[in-house]
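Each chain, letter by letter, is given below.
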Amino acid sequence: MEWTRKTMPPRTSPTLTEAELRIMNVLWMKGSGSVQQILDGLPKKPALAYNSVLTTVRILEKKGYVKHVKDGRAHIYLPLVGRKEATRFEIRHLVNRFFENSHELLVMNILEDRSIDDEELQRLRKMLNEDEPEREEEQ
């Protein structure tokens, strides 16, 4: 049999897809849940089928984001990765892919974005100024 791209299994990305993030948001909010409970916690639009949620939760389990425990015949899914940890991973991935591993390039790109209003810019400046003494102590 000839090995072609069509017969190769798809590579799973370590980052979260939109559907995976929607499910993780429910688990982070509820703490745990069966597939039906997760489905009930999702926004009604766009609607997802039970089997789609089940498939996505299983993918999340393979990626290491969730685990399941048995509760009778049901599986209860629990998040293994917190929202903050997942956010930081996604940002590191973004910085690596688009900004040559430079957080400075990411921040410069954000600051150059004209859609940031003055209030947001002031909060960013304040955060940077508050963080400076801590960074100096670390060095």
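This text goes with the structure placed above it.
Below you will find a few notes about this structure. Throughout, a residue's number is its position along its own chain's written sequence, starting from 1. Local features in this predicted model are restricted to residues whose pLDDT is 70 or higher, and side-chain atom pairs enter the listing and the counts only when it is 80 or higher, whereas totals over whole chains, interfaces and linings include all residues. Heavy atoms from the whole structure form the basis of all side-chain values; hydrogens and water molecules are not counted.

### Details of the pairing of strand β2 (residues 74–79)
Taken residue by residue, a regular strand's side chains alternate between the two faces of the sheet. Each pair of strands is called paired provided DSSP finds at least two bridges between the two strands. Note on conventions: DSSP H or I runs of at least 4 residues are helices, E runs of at least 2 residues are strands, and numbering of each starts at the N terminus. Bridge count between strand β1 (residues 66–71) and β2: six bridges; the pairing is antiparallel. Across the sheet, the residue bridging to V66 is P79, located in β2. Linkage of β1 to β2, two consecutive antiparallel strands, is achieved through a turn of two residues, within which G72 is found at a positive phi near 70 degrees.

### Let's talk about helix α3 (residues 50–63)
Take the number of residues in a helix, subtract one, and multiply by 1.5 Å to get its expected span. Helix length check: α3 (14 residues) gives 20 Å between terminal C-alpha atoms against 20 Å at 1.5 Å per residue, within 8%. Among all positions of α3, only V53, L54, T56, V57 and L60 are buried. Pairs of residues are marked as contacts when any of their non-hydrogen atoms sit within 4.5 Å. Packed against the buried residues of α3 are α1 (18–30), α2 (35–41), β1 and β2. Positive phi appears at G64, one or two residues downstream of α3, with a value of about 90 degrees. Burial here depends on accessible area, computed with a 1.4 Å probe over protein chains only, as a share of the maximum for the residue type. Under 20% is buried, over 50% is exposed, and the range in between is partly exposed.

### As for the pattern of salt bridges
Definition used for salt bridges: Asp or Glu carboxyl oxygen within 4 Å of a side-chain nitrogen of Lys or Arg. Scanning the model with the defined rule gives three salt bridges in all. Put simply, R123 and E119 hold a salt bridge, and the shortest N to O gap is 3.3 Å. With R123 and E119 both in helix α6 (residues 118–138), this residue pair falls four residues apart, about one helical turn. For R123, a relative accessible area of 44% corresponds to the partly exposed category. For K126, the salt bridge is made with E130, and the minimal N-O distance between the two is 4.0 Å. Here E130 and K126 lie together in helix α6, a separation of four residues that amounts to about one turn.

### A closer look at a nonpolar patch on the surface
Patch membership is restricted to residues that have no salt bridge and whose relative accessible area is over 30%. Joining uses 9 Å for like charges and 5 Å for the nonpolar side chains Val, Leu, Ile, Met, Phe, Trp and Tyr. Surface exposure here means Shrake-Rupley accessible area, sampled with a 1.4 Å probe, where a residue is shielded only by the protein chains that are shown. Where nonpolar side chains cluster on the molecular surface, the patch consists of V107, M108, I110, L111, L124 and M127 and spans about 490 Å² of accessible area. At the level of elements, α5 (103–112) and α6 are the ones that each hand at least two residues to the nonpolar patch. Looking at the nonpolar patch element by element, the count peaks at four residues for α5. Relative to the elements of secondary structure, L111 occurs in helix α5. Since its relative accessible area comes to 37%, L111 is described here as partly exposed.

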